[in-house]
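The chain contents come next:
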Amino acid sequence: MNLVSEEPVSLAEVLNILKKKEKQYKEEDKELYYEQKRALDHAKNFNTLGKKDSVSLSKQLVDLDLNLNPGWIAKIVDLVPETVDDVRAIFAKERFKYEEADIKKIIGVVDQFR
């Protein structure tokens, strides 16, 4: 039985999942599929935080009570935005806008992990 989760995750979590899968496949004398290899390479090249920091940052963003959905949290963790404009770019497609004070709260939390 193959269970598939569609929950957004950070690149650090993707990297961890694919490394485990790669190790499992090596033990079975198999290789990752092409798409898995590409995703693993991407995660290795663009991951900025370790898994522990990624999970901790995600929890702290949830604790801000700004109604951030899991997709936005994953994007913030992946991009580690530095400025108000960087955070606004993440929410550019949304019909609402966070107040600058809320965005500064997000940046303050992210700054702890930079």
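The structure this text deals with has already been given above.
Here is a short report on the structure shown in this document. From a predicted model like this one, the values you see are computed outputs, not experimental measurements.

The subject of this paragraph is helix α2 (residues 34-46). Residues three or four positions apart in an α-helix share a direction because the helix packs 3.6 residues into each turn. The terminal C-alpha atoms of α2 lie 18 Å apart, and with 13 residues this matches the ideal 18 Å at 1.5 Å per residue to within 8%. Where α2 is buried, its residues meet α1 (11-27).

Turning our attention to the packing of helix α3 (residues 51-63) against helix α4 (residues 70-79). Close contact between α3 and α4 brings their axes to 10 Å; oriented N to C, the two are set at 130°. Between α3 and α4, the crossing angle belongs to the class labelled oblique. Every pair of crossing elements has a handedness; the one defined by α3 and α4 is right-handed. Contacts between α3 and α4 involve S54, L57, S58, L61 and V62 on the former and, on the latter, I73, I76 and V77.

Bringing the environment of F113 into the picture now. Looking at the element boundaries, F113 is found in the segment after α6 (100-111). Its relative accessible area of 13% is what places F113 among the buried residues. A C-alpha to C-alpha distance of 14 Å links F113 and S10, two positions 103 residues apart in sequence.

Basis of the calculations
Residues numbered from 1 in each chain as written. Predicted model: local features only at pLDDT ≥ 70, side-chain atom pairs only at ≥ 80, totals over all residues. Heavy atoms only, no water. Helix = DSSP H or I, 4+ residues; strand = E, 2+ residues; numbered from the N terminus. Expected span 1.5 Å × (residues − 1). Contact = heavy atoms within 4.5 Å. Axes fitted to C-alpha atoms, helices over the stretch in contact; angles between N-to-C directions. Parallel < 35°, antiparallel > 145°, perpendicular 65-115°, else oblique. Left-handed = near helix turned anticlockwise from the far one by under 90°. Buried < 20%, exposed > 50% of the residue type's maximum accessible area, 1.4 Å probe, protein only.

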